[in-house]
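# A look at the structure
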Amino acid sequence: MTNGRITGNVPAAPGHFILSIALPATFQEPSFGQFVMVRNLLNGKAMLSRPFSVYGFHRDAHQSALELLCRVAGRETKLLSGLKAGAGVEVLGPLGNGFTIRKDVDRIILAAGGVGVAPLSFFLKERAKYPSKAAVSLFLGAKNGEIASALVKGLSDTCAVHIATDDGSLGFHGPVTEILAAELYSCDFERTRILACGPTPMTRALARLLADKPIDCQVSLEERMACGVGACLGCVVPVRNSHGDAMYKRVCKDGPVFDLRELLWD
Amino acid sequence: MGLRKENGEGLKLDVSIGSLTLKNPVMTASGTFGYGEEYAQFFDLSRLGAVVVKGLSLLPRMGNRPPRIVETPCGMLNAIGLQNVGVETFIDEKLPFLRQFDVKVIANIFGESVEEYQKLSGILSGVDGVHALEVNISCPNVKKGGVVFGTDPEVAALVTRKVAAETDIPVIVKLSPNVTDIALMARAVEEAGADAVSLINTLTGMAIDSESRRPLLANITGGLSGPALKPVALRMVWQVAHAVRIPVIGTGGITSFQDALEFLIAGAAAVQVGTANFVNPLATMEILDGIKDYMERHDIMDIHDVINSLRA
Ligand SMILES: Cc1cc2nc3c(=O)[nH]c(=O)nc-3n(C[C@H](O)[C@H](O)[C@H](O)COP(=O)(O)OP(=O)(O)OC[C@H]3O[C@@H](n4cnc5c(N)ncnc54)[C@H](O)[C@@H]3O)c2cc1C
Ligand SMILES: Cc1cc2nc3c(=O)[nH]c(=O)nc-3n(C[C@H](O)[C@H](O)[C@H](O)COP(=O)(O)O)c2cc1C
Ligand code: FES
């Protein structure tokens, strides 16, 4: 557990905000796709921490700065959205296994649903660190144009951005997996990799879309968490192991990033 | 006074659970600390009084479908469904890790029949690095499991007798709070040969999403743990401490050193910390340091002067 201090809390779009947290310089550098558990110290009743993907990270000689892109989903995220600069939070992390970039792909497709764009943005911002010459494009699905624009702000400089919205107010009107499906026609499957993060319906649609295509796809999953470190077995998802048997894996410790083909959908 | 060091050296913190001596009264609660691996990155496990491992069954168990947990006011519900690697894998793959530490390991066991409990006891008895058994007769999650044993004094006594017959290491029976008279249960297992009792396990609870009208746990009901549980746990520990002669181990919502002290004062010989580990991986260490500091402040040399010291 590391003590952090809020240095900024900026509304990004309705129901979305960006938290900046100052941490000691010794805080371990996160890789993209890793997450942190955050606990709000102002609310004595809030007991468990909440998981958030790393959205940005910088370090100088004196401190580290962690950025999170958050959506108000319920009670705790509502409270976090109201935190003012100076407020204290506890941060545990970085946790879990992030995405991996293979050198032998020449296309990277990022597929995001809503705030699922957070870890993928972190990759785009830190791209220079990853030794890959692959062409990168981002496919984002969001509720409406206002939210979509806020979520991809600054990203169109780094890669091609394609947007789909639920209400058609920006980009394609419908699920993001549909524009992604169209894109796949022009892909060399063997040399393409998809990195995805979004709500379960999107992941499920992606699994259906890729079922008959030999494309590598890594997906970051969400489950309710208690410990965040692998001890409580609260955050499990069903997978098929290397022997073909069904078993549960922990999103926090074995994930949050999984090979899409491992996942079992019932 | 002059002999005592700042860091609590010189304080007498060791407590006995049957023939087992713990270097201090702070241990972890089963199911909240895995098999120790995850938390070893945060502190030296040798500093704990004991590690109580995740409940073990004869065969590996998959556990319940997710979602398995949900936060509730000042607590959480879990319906893990006793997922575990099974006793053999525990001995072969998990115990060697724990053996590296100078810490007592308590194996928590559960079965679906008296015979299974008995077999588990036999298998774990004499295994290097297992120092005591904690018998979970109280898990509320598995239909055929815990609840049946833990709510009937005669069945609880039978399980205790069978487990004790198979082993020489101390047998701790973990009681369920989902009973009318916890003291009755405690006396029943004491008479049947339990060396200690630990309490409480989780209280059966439930939570619903009013918008969708669906249960928040796939299992519908789950076990309540965390601070919400503490007053109930404390009352039960106090009652049981007055009803039996064997040591009582207090569990339920302990988050701070003050919480731990409340249990010790109420009569517990030791405490287990569960859900608090999730909130703060260093919870046990902060509680231990807090107890030492308390003893210094109150000029107490021996933890036994705290145990069962409730004033009128
Ligand atoms: C690895 C990981 C990374 C995440 N990254 C981000 C991120 O970068 N930005 C962001 O805004 N959110 C992220 N989430 C989701 C975020 O953790 C939840 O939205 C948050 O915990 C909800 O807390 P709450 O108290 O506001 O909601 P609650 O009142 O607890 O619940 C509100 C709703 O959110 C659902 N929910 C609760 N916990 C989770 C959870 N852990 N994951 C998914 N849904 C949940 C509940 O089922 C319920 O429908 C991530 C989750 C995981 C597991
Ligand atoms: C996620 C979780 C898993 C648990 N698993 C077990 C278990 O396998 N065996 C057992 O006897 N108790 C189990 N318990 C109960 C705890 O050991 C403890 O009795 C209870 O949670 C109350 O303590 P607490 O409020 O400090 O967590 C579990 C509790 C939680 C929260
Ligand atoms: S949150 Fe505890 S195991 Fe993942």
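Not measured: the values here are computed from a predicted model.

## Looking at the overall build of chain B
Within chain B, the secondary structure is distributed over nine helices and 16 strands. Considered along the principal axes of its C-alpha atoms, chain B spans approximately 60 × 50 × 40 Å. Taking all 312 residues of chain B together, 57% fall into the buried category. A separation threshold of at least 6 residues defines the contact pool for chain B, and within that pool the share at least 24 residues apart is 72%.

## Some points on the pairing of strand S3 (residues 35-40) of chain A
Residue and element names in this part refer to chain A. Along S3, six of the six residues are buried, which leaves the element largely enclosed by surrounding structure. Burial along S3 is two-sided: Phe-35, Met-37 and Arg-39 facing one way and Val-36, Val-38 and Asn-40 facing the other are all buried. Relative to strand S4 (residues 50-53), S3 runs antiparallel, the two sharing four bridges. Each bridged residue has a counterpart across the sheet, and for Met-37 the counterpart in S4 is Pro-51.

## Let's talk about the environment of Arg-250 of chain A
Residues and elements named next belong to chain A. For Arg-250, the location among the structural elements is in strand S15 (residues 246-250). Arg-250 sits 14 residues away from Val-236 along the chain, and the two C-alpha atoms are 4.3 Å apart. Leave out the neighbours within four places in its chain, and Arg-250 touches Gly-230, Leu-233, Cys-235 and Val-236.

## Focus on the nonpolar core
Membership of the largest hydrophobic core comes to 180 residues, with the highest contact counts inside it found for Leu-140 of chain A together with Val-51, Ile-172, Val-197, Val-237 and Ala-268 of chain B. By residue number, the principal contributor to this core is helix H6 (residues 230-243) of chain B, which donates seven residues. Val-51 of chain B has contacts with Met-27, Thr-28, Phe-33, Gly-36, Leu-45, Leu-98, Val-103 and Val-105 of chain B, leaving out every residue within four places of it along the chain.

## Concerning the site of ligand 1
Residues and elements named next belong to chain A. As a structural note, the neighbourhood of ligand 1 is formed by 23 residues, with Ala-73, Gly-74, Glu-76, Thr-77 and Glu-222 the closest of them. Of all elements in the fold, only S4, strand S6 (63-71) and helix H1 (75-81) reach the threshold of two or more residues within the shell around ligand 1. Partitioning the shell around ligand 1 into residue classes produces twelve nonpolar, three polar and eight charged. Domain assignment of the residues forming the shell around ligand 1 places at least three in each of domain 1 (2-95) and domain 3 (221-266).

## Some words on the interface of chain B and chain A
Each side of the interface is counted separately: chain B has 28 residues, and chain A has 19 residues. Secondary-structure elements contributing two or more residues to the side of chain B that touches chain A are strand S5 (69-72), strand S6 (75-78) and helix H8 (276-279) of chain B. Here the side of chain B that touches chain A is composed, by residue class, of 16 nonpolar, nine polar and three charged.

## Looking at H6 of chain B
Because each turn of an α-helix spans 3.6 residues, side chains separated by three or four positions in sequence point in the same direction. Residues and elements named next belong to chain B. Relative to the 20 Å expected for 14 residues at 1.5 Å per residue, H6 spans 20 Å between its end C-alpha atoms, a close match to the ideal helical length. Lys-230, Ala-233, Leu-234, Met-236, Val-237, Trp-238, Val-240 and Ala-241 are the residues of H6 that are buried. Of the surrounding elements, those touching the buried residues of H6 are helix H5 (182-191), strand S10 (196-199), strand S15 (248-251) and helix H7 (257-265).

## Digging into the sheet that holds strand S12 (residues 192-197) of chain A
All names here are of chain A. Read from one edge of the open sheet, seven strands run S11-S10-S9-S8-S12-S13-S16, paired in mixed fashion. Single-partner strands in this sheet number two, and they are strand S11 (172-173) and strand S16 (257-259). One ladder, built from six bridges, connects strand S9 (residues 135-142) with strand S10 (residues 160-165); its direction is parallel. Looking at the pairing, Leu-138 lines up with Val-161 of S10. Sheet strands in contact with helix H5 (residues 200-210) are strand S8 (107-113), S9, S12 and strand S13 (216-220), and its direction is about 170° off that of S13.

## Structural notes on the sheet that holds strand S11 (residues 203-206) of chain B
All names here are of chain B. Overall, antiparallel pairing links the four strands, which are arranged S5-S6-S14-S11 in an open sheet. A strand with exactly one partner marks an edge of an open sheet, and here the two such strands are S5 and S11. Recorded for the sheet is a direction-independent mean angle of 40° between the axes of neighbouring strands. Where S5 and S6 come together, four bridges link them in antiparallel fashion. Bridging across to S6, Thr-72 finds its partner in Gly-75.

## Observations regarding the confidence of the model for chain B
All names here are of chain B. Here chain B shows a mean pLDDT of 93. Residues at 70 or above account for 94%. pLDDT under 50 marks residues 1-5. Its contacts with residues more than four places away, or in other chains, come to four contacts. Across residues 140-146, confidence stays below pLDDT 50; counting only partners more than four residues off in sequence or on other chains, it has 28 contacts. The ipTM, which scores confidence in the relative placement of chains, is 0.93 for this predicted complex, and the corresponding pTM is 0.94.

## With respect to the site of ligand 2
Ligand 2 sits among 28 residues. The nearest are Ala-29, Gly-31, Gly-55, Ser-225 and Gly-274 of chain B. Looking at the residues close to ligand 2, they fall on chains A and B. By residue class, the composition of the shell around ligand 2 is nine nonpolar, 17 polar and two charged.

## Focus: the domain arrangement of chain A
Residues and elements named next belong to chain A. When the domains of chain A are assigned, the result is domain 1 (2-95), domain 2 (99-219) and domain 3 (221-266). If you average the C-alpha positions of domain 1 and of domain 2, the two centres end up 24 Å apart. Taken together, the 13 residues of domain 1 in the interface contact 13 residues of domain 2. At three residues, the largest contribution of residues to the side of domain 1 that touches domain 2 is made by S6. Residues of the side of domain 1 that touches domain 2, tallied by class, amount to eight nonpolar, four polar and one charged.

## Remarks on helix H1 (residues 87-99) of chain B
Maximum bend of H1 of chain B: about 40°, positioned at Glu-93 of chain B, with proline Pro-96 of chain B one to four residues after it. Where H1 of chain B is buried, its residues meet strand S4 (50-52), strand S7 (104-109) and helix H2 (114-124) of chain B.

## A short note on the pairing of S7 of chain B
All names here are of chain B. With six of six residues buried, S7 lies mostly within the body of the structure. With burial as the criterion, each face of S7 is covered, one bearing Lys-104, Ile-106 and Asn-108 and the other bearing Val-105, Ala-107 and Ile-109. In terms of strand pairing, S4 meets S7 through three bridges, oriented parallel. Residue pairing in the sheet places Val-51 in a bridge with Val-105 of S7. Pairing of S7 with strand S8 (residues 132-136) involves four bridges; the strand directions are parallel. Paired with Ala-107 across the two strands is Leu-133, which belongs to S8.

Parameters and conventions
- Residues numbered from 1 in each chain as written.
- Chains lettered and ligands numbered in written order.
- Predicted model: local features only at pLDDT ≥ 70, side-chain atom pairs only at ≥ 80, totals over all residues.
- Helix = DSSP H or I, 4+ residues; strand = E, 2+ residues; numbered from the N terminus.
- Buried ≥ 20, exposed ≤ 12 C-beta atoms within 10 Å, placed from the backbone.
- Contact = placed C-beta atoms within 7 Å.
- Pairing = 2+ DSSP bridges.
- Core = buried A, V, L, I, M, F, W, Y, C linked by C-beta atoms within 7 Å.
- Near = placed C-beta within 6 Å.
- Nonpolar A, V, L, I, M, F, W, Y, C, P; charged D, E, K, R; others polar.
- Domains from an automatic or database assignment.
- Expected span 1.5 Å × (residues − 1).
- Axes fitted to C-alpha atoms, helices over the stretch in contact; angles between N-to-C directions.
- pLDDT = per-residue confidence, 0-100.
- Bend = angle between axes of the 7 residues up to and from the residue.

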